[in-house]
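For reference, the chains in residue letters:
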Amino acid sequence: MKWRMRYRSRTICLSLAFLTIFLHLLLAIFSLPVYHQPCNPPLLPRTHILRDLARTGYTSSGNSGPAEPPTDTTHRDYSTKDANKETKGHVHTPSDMGLQVKQGGSDSKNMPVSVGHHDSHQEDPMESALFKLEALFNHPLYNMPSSPVPEEDWLLKMKTTVKASEKSSQMWSVASQEGYEDVQWNSSSNSHHPWLRFHLGITRWQLYPHRDPNMNLLTQQLATHRIVSAVQKSGGTQLKLVMSFPNYGQAMFKPMKQDRDEETDYNLYYFSDFERHNAEISAFHLDRILAYRRIPPVVGRLVDVVKEIKDVTTDRKLARTFFNSPVGSVCFYGQCSYYCSTEHAVCGRPRNLEASLAVMLPDLSLAARRTWRSPWRRSYSRSKLAKWETEPDYCSQVKKTPPYDKGTRLVDFMDLLPNSISSSSGNMDRHHYETFEKFGNNTFLIHLDNGRAFGRHSKDEPSILTPLEQCCRIRRSTWLRLRLLSLPKYRLSDVMRASLSNDPLHKVAPLLSEPHLTALDRRLKTVLEAVDRCLKRATKDGGGDGVLYDDIANLKDMITPAG
């Protein structure tokens with residue numbers, strides 16, 4: 001009897017144990033999908049950012065910054081993304097990574113969720129910034145409809161007629177020189193190299209179009225193609241070289257002269273500052289972000305001082321300046337007006353040298369350019385002030401002087417000076433600008449020589465805004481884009497960080513330090529506050545329409561109805 005009771009107890013215990021195990025397994029199976037559900041934030045309500053940006057009643061108070069219009073769900077705020085990806089080396093855009101950012105809203109369940117050792121609740125700043133950059137370039141302000149370019153608005157054109165003796169081939173051939181390729185071009189764009197496509201794409205109003213399919217090929221060429229020649233660029237105050245490639249493309253070379261985090265000495269005058277290679281690169285990216293497209297494409301590159309400069313140069317004056325430093329680095333200094341001496345030599349580490357390479361504009365024999373003296377040129381004197389620094393009503397004189405008395409030249413200049421490169425990057429060295437002669441006075445201003453930008457992040461130069469404050473005139477499209485970049489969804493520092501991450505030198509170190517990126521947001525706020533003061537002053541005087549030059553009359557067609 002006792003044996004039977006013991007047997008029954010054992011059976012009951014084993015059954016309970018198996019039941020417990022089964023229930024635990026069942027609970028684990030049903031709980032597993034719950035742990036893998038993405039924790040995405042709810043979508044924001046549908047609003048219309050473009051309509052709010054278009055309001056002229058823009059206000060800012062105190063230090064709180066510009067008043068923020070409601071966000072728009074047609075351009076998703078990727079700053080709250082949970083997805084994380086480990087980036088190594090070159091950072092791609094969301095499109096390159098196979099992620100789509102469309103005009104219309106998308107369900108949060110389609111958002112990719114990464115797996116790995118990263119915390120799934122921790123935001124990846126670089127990936128978030130890349131999505132912001134893509135969303136910015138997809139915004140209607142960057143994709144406004146435009147009419148076809150008239151024939152007379154192209155800078156260069158291919159010949160459509162040839163001599164009878166040339167009709168058999170209809171081909172332009174260049175015999176191979178030492179180091180160069182055999183070149184055969186015809187009227188088909190498929191036979192053109194990227195630098196030639198860039199030249200043929202220049203129009204009256206921009207150097208290249210938005211979303212230019214040729215841009216990746218062109219920058220890749222600048223960064224990777226073999227250098228077959230390096231000679232000094234004549235003129236200028238500091239060392240510059242002209243690099244040539246096997247396909248007859250050329251680029252302007254500016255070497256690294258100081259560390260990226262090193263600020264300009266406060267005791268130096270603006271005309272004594274060094275030119276920085278990372279400033280040239282950063283200025284190009286900022287120009288694209290502001291949708292001006294008036295700076296020739298620039299890319300960073302690590303150059304072998306011996307193999308790619310000393311061994312290929314035919315410039316005897318340059319070749320005589322090479323020497324080895326006490327620690328074995330290869331150095332050179334060339335010949336120029338300033339900073340070309342052994343004390344200011346450019347040295348590799350021990351042979352590799354960081355530099356910026358900017359694609360050259362068409363030769364002056366093909367596309368002549370005119371140089372204009374800036375009305376707000378500085379005195380370049382240690383003791384004298386310029387006229388605009390002492391006369392508050394100086395702009396009234398400028399408005400009566402050609403070419404600023406008609407057309408768009410004045411608002412073009414406002415884009416050049418206070419709102420784009422100079423104010424946002426602290427470049428005080430703006431004494432001249434250039435235009436293509438073919439287009440007369442009705443064309444864009446070419447933004448060249450940006451090497452003195454991004455010199456100081458801890459100090460802003462308020463005098464750079466003087467033209468804007470004296471004239472109170474700005475393009476509406478410029479003003480709207482600046483306001484857009486002040487919003488967290490498209491924050492200027494974030495999209496700038498993302499854009500610069502695609503440059504080859506980003507693998508070495510970020511091209512702009514975080515203090516410089518923070519300074520961009522601060523200076524952008526200062527520009528918007530200056531425009532706000534102009535609008536308030538004009539409204540008080542009964543002439544509010546005189547501040548904003550309306551260059552986007554079709555804005556109403558781009559705004560969707562509420563609902």
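Residues numbered from 1 in each chain as written. Predicted model: local features only at pLDDT ≥ 70, side-chain atom pairs only at ≥ 80, totals over all residues. Heavy atoms only, no water.

Caption draft 1: Molecular detail of the overall build of the protein chain. When you go through the protein chain residue by residue, the secondary structure sums to 16 helices and 14 strands. A buried classification covers 48% of the 563 residues belonging to the protein chain. Within the protein chain, residue pairs in contact and separated by at least 24 positions form 75% of the contacts whose partners lie at least 6 positions apart. For the protein chain, the computed accessible surface area is about 29,300 Å², with 53% contributed by carbon and sulfur atoms. (Helix = DSSP H or I, 4+ residues; strand = E, 2+ residues; numbered from the N terminus. Buried < 20%, exposed > 50% of the residue type's maximum accessible area, 1.4 Å probe, protein only. Contact = heavy atoms within 4.5 Å. Areas by Shrake-Rupley, 256 points an atom, 1.4 Å probe, with all protein chains shown as cover.)

Caption draft 2: Spotlight on the packing of aromatic side chains. One pass over the full model with this rule turns up 10 aromatic pairs. Between Phe322 and Phe332 the ring centres are 4.9 Å apart and the planes differ by 25 degrees, which places this aromatic pair in the stacked class. Pair noted here: Phe322 is in the loop between helix H8 (316–319) and strand E7 (323–324) and Phe332 is in strand E8 (residues 330–332), with a separation of 10 residues, a long-range link. We note that Phe322, like Phe332, is buried. Between Trp372 and Tyr433, the aromatic rings sit 6.4 Å apart at their centres with planes inclined by 10 degrees, giving stacked as the arrangement. With Trp372 in strand E11 (residues 369–373) and Tyr433 in strand E12 (residues 432–436), this pair connects stretches of sequence that are 61 residues apart. Classification of Trp372 as buried rests on a relative accessible area of 10%. The class for Tyr433 is buried, based on a relative accessible area of 2%. Here a set of aromatic residues connected by ring pairs shows up, and it is made of Trp372, Trp376, Tyr394, Tyr404, Phe413 and Tyr433. The ring centre of Trp372 lies 3.8 Å from the NZ or CZ of Arg370, which sits over that ring. Above the plane of the ring of Trp372 lies Arg409, whose end atom (NZ or CZ) is 4.5 Å from the centre. (Phe/Tyr/Trp six-rings, centres within 6.5 Å; stacked < 30°, edge-to-face > 60°. Lys NZ or Arg CZ within 6 Å of the ring centre and 35° of its normal.)

Caption draft 3: View of the sheet that holds E7. One open sheet holds the three strands; their spatial order is E7-E8-E9, and the pairing between them is antiparallel. Every other strand in the sheet has two partners, leaving E7 and strand E9 (346–347) as the edge strands with one partner each. Two strands pair when backbone bridges link them, and E8 and E9 are joined in this way by two bridges, in the antiparallel orientation. The partner of Cys331 across the bridge, within E9, is Cys347. (Pairing = 2+ DSSP bridges.)

Caption draft 4: Examining the pattern of salt bridges more closely. Here the structure, examined in full by the defined rule, presents 23 salt bridges. Among the ionic pairs, Arg211 bridges to Glu134, the shortest N-O distance being 3.7 Å. Linking Arg211 in the loop between helix H4 (194–200) and helix H5 (215–224) with Glu134 in helix H3 (residues 125–138), this pair joins segments that are 77 residues apart in sequence. Residue class for Arg211 comes out partly exposed when judged on its relative accessible area of 40%. The exposure class of Glu134 is buried, given its relative accessible area of 8%. For Asp460, the salt bridge is made with Arg523, and the minimal N-O distance between the two is 2.6 Å. With Asp460 in the loop between E12 and helix H12 (466–471) and Arg523 in helix H15 (residues 514–540), this residue pair connects regions lying 63 residues apart in the sequence. (Salt bridge = Lys/Arg side-chain N within 4 Å of Asp/Glu carboxyl O.)

Caption draft 5: Examining the side chain of Asn138 more closely. In this structure, Asn138 sits in helix H3. Since its relative accessible area comes to 14%, Asn138 is described here as buried. Among the polar contacts made by the side chain of Asn138, one reaches the side chain of Arg211 at a distance of 2.8 Å. (Polar contact = N/O pair within 3.5 Å; in protein donor to acceptor, adjacent residues only side chain to side chain.)

Caption draft 6: Focus on the state of the cysteines. Evaluated as defined, the whole model comprises four disulfides. Cys331 shares a disulfide with Cys347; S-S distance 2.1 Å. Of note, the bridge from Cys331 to Cys347 carries an S-S torsion of about 110 degrees and is right-handed in sense. You can see Cys331 sitting in strand E8 and its partner Cys347 sitting in strand E9, a full 16 residues away along the chain. We classify Cys331 as buried; its relative accessible area is 0%. Taking only the cysteines that form disulfides and numbering them from first to last, the protein chain has the pattern 1-4, 2-3, 5-6, 7-8. (Disulfide = S-S within 2.5 Å.)

Caption draft 7: Just helix H14 (residues 492–500), in detail. Of all nine residues in H14, nine are buried; the element is thus mostly enclosed. For H14, every residue scored as buried is listed here: Leu492, Ser493, Asp494, Val495, Met496, Arg497, Ala498, Ser499 and Leu500. Next to the buried residues of H14 lie H3, helix H6 (277–289), helix H13 (476–485) and H15.

Caption draft 8: Seen up close, H6. Between its first and last C-alpha atoms H6 spans 19 Å; for 13 residues at 1.5 Å apiece the expected length is 18 Å, and the two agree. Burial analysis of H6 places 12 of its 13 residues in the buried class, which makes it a mostly covered element. The set of residues buried in H6 consists of His277, Asn278, Ala279, Glu280, Ile281, Ser282, Ala283, Phe284, His285, Leu286, Asp287 and Ile289. Just downstream of H6, Ala291 is the residue with a positive phi angle, here 65 degrees. (Expected span 1.5 Å × (residues − 1).)

In short, geometric facts, not functional conclusions.
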